[in-house]
Amino acid sequence: MAINWFPGHMNKAQNEIKEILPQIDVVIEVCDARLPFSSENPMITEIRGDKPLIKILNKSDLADPKLTAIWLEYLESQHNVRAIALTTENPSIAKTIPSLIKKLVPNKDEAGKQINAVIMGIPNVGKSTLINTLVGKAKAKVGNEPAVTKGQQRIRLEDGLYLFDTPGMLWPKIINANSGYRLAVSGAVKDTAFDHDDIALFAAEYLLKTYPERVKLRYKLASIPEHDSELIEEIGKRRGCVKSGGRVDTHKASVILINEIRDKTLGQITFETPEIIVKEEVYFSELEAEKIAAREAKKAARGRGRKNKR
Ligand SMILES: Nc1nc2c(ncn2[C@@H]2O[C@H](COP(=O)(O)OP(=O)(O)O)[C@@H](O)[C@H]2O)c(=O)[nH]1
Ligand SMILES: [Mg+2]
């Protein structure tokens, strides 16, 4: 599934980040623990250079704890990265962030040294909520509208330690089509942007592979369906989603499945593992390279066509 993102927004955010980055000692990126890769902003790794990065797997109350542990280990193995899982259910962990920031800054003992950190992340991962937890009172607006913070707000965490709020609106992974599906299933992108039936099939396939017993239990299935569409059918039958003529209303069944994933009725779910991602990265970057090559070939052919006319 392709995600639409406005190039104008992307440029603006990129420029704003480049502008503040020279003053920044530590970058904090907030991601969604259910999809740590797909909810990443691809630019951050590129432009942070050698600056330490604190990677936050947020909303960990919704994610599979076993897979969160695997992700933390994987992320920490990367250069100059510290990773922590957070949830609003346990704000005391968030309160350790200031000391973690200080630990990561070299030369912090220089007289009068001010430490600046910045919180970045795609919309809706919980940045404003986290800032409010850190600051101890409502400073940043929580909600669904992204970029509620105008300008570059700098918040004092303690003496000599400052936090910049996210500059601009950062986009999620857009090359990997599966990332689009995962962002949609988790509710990270708005509902109007996708087809429920399509993403429910994606979710059904993944659930049958990764959490078959939970699905069986929840929908009281006699056996585990082999196909994603079968699961949707079974959910429809059990929940009275029938159209005239007795056919299953797969759209209604799809909406039920997606809602029960998002509201944790199906338990804590993580939609990707480092292993899955490594495989997909190879596949989608080859696909992207093919697309670019095809575009270039077309351009060259058009060029030749023009020359021949002359
Ligand atoms: N389940 C859960 N929801 C959270 C958590 N943190 C934030 N949220 C919710 O996620 C939504 C987006 O939060 P917000 O802070 O506005 O995200 P921002 O766009 O990144 O600033 C809000 O509905 C929050 O209540 C968390 O740890 N767990
Ligand atoms: Mg916000």
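Quick caveat: nothing in here was measured; it's all calculated off a predicted structure.

The rules behind each value
- Residues numbered from 1 in each chain as written.
- Chains lettered and ligands numbered in written order.
- Predicted model: local features only at pLDDT ≥ 70, side-chain atom pairs only at ≥ 80, totals over all residues.
- Heavy atoms only, no water.
- Near = heavy atom within 4 Å.
- Polar contact = N/O pair within 3.5 Å; in protein donor to acceptor, adjacent residues only side chain to side chain.
- Areas by Shrake-Rupley, 256 points an atom, 1.4 Å probe, with all protein chains shown as cover.
- Helix = DSSP H or I, 4+ residues; strand = E, 2+ residues; numbered from the N terminus.
- Nonpolar A, V, L, I, M, F, W, Y, C, P; charged D, E, K, R; others polar.
- 1 Å grid on protein atoms, 1.4 Å probe; cavity = no way out; pocket = protein on both sides within 12 Å on 5 of 7 lines; lining within 4 Å.
- Points joined across faces, edges and corners; volume = space filled by probe spheres on them.
- Core = buried A, V, L, I, M, F, W, Y, C linked by side-chain atoms within 4.5 Å.
- Buried < 20%, exposed > 50% of the residue type's maximum accessible area, 1.4 Å probe, protein only.
- Contact = heavy atoms within 4.5 Å.
- pLDDT = per-residue confidence, 0-100.

Draft legend 1. Focus on the site of ligand 1. Around ligand 1 sit 15 residues, and of these D61, N124, K127, S128 and T129 come closest. Within the contact set of ligand 1, a nitrogen atom lies 2.8 Å away from a side-chain nitrogen or oxygen of D61. Separating an oxygen atom of ligand 1 from a side-chain N or O atom of T129 is a distance of 2.6 Å. Isolated, ligand 1 exposes 590 Å² of accessible area, and the fraction of that covered by the protein chains is 78%. Of all the elements, helix α6 (residues 127-135) adds the most residues to the shell around ligand 1, at three residues. For the shell around ligand 1, a count of residues per class yields four nonpolar, eight polar and three charged.

Draft legend 2. Region of the structure containing empty space enclosed by the protein. The tally for this structure, following the rule as stated, stands at one cavity of 30 Å³ or more. The space that makes up the largest cavity amounts to roughly 70 Å³. Taken together, N58, L86, T87, T88, P91, A94, G126, T129, L130 and T133 make up the full set of residues lining the largest cavity. Taken together, the elements giving at least two residues each to the lining of the largest cavity come down to α4 (91-94) and α6. Among the elements that make up the lining of the largest cavity, the one with the highest residue count is α6 (three residues). A per-class count over the lining of the largest cavity returns four nonpolar, six polar and no charged.

Draft legend 3. Broad picture of the nonpolar core. Core analysis: the largest hydrophobic core is formed by 57 residues, its most contacted members being I28 and I101. The element that contributes the greatest number of residues to this core is helix α8 (residues 196-210), accounting for eight residues. Excluding residues within four positions of it along the chain, I101 makes contact with V26, I28, I54, I115, A117, L157 and L161. Listed in part, the 16 residues of the second largest apolar core include I24, I44, F164 and L170.

Draft legend 4. A look at the confidence of the model for the protein chain. Across the protein chain, pLDDT averages 89, with 92% of residues at or above 70. Residue range residues 144-150 is modelled with pLDDT below 50. Its contacts to residues more than four positions away, or to other chains, number seven contacts.

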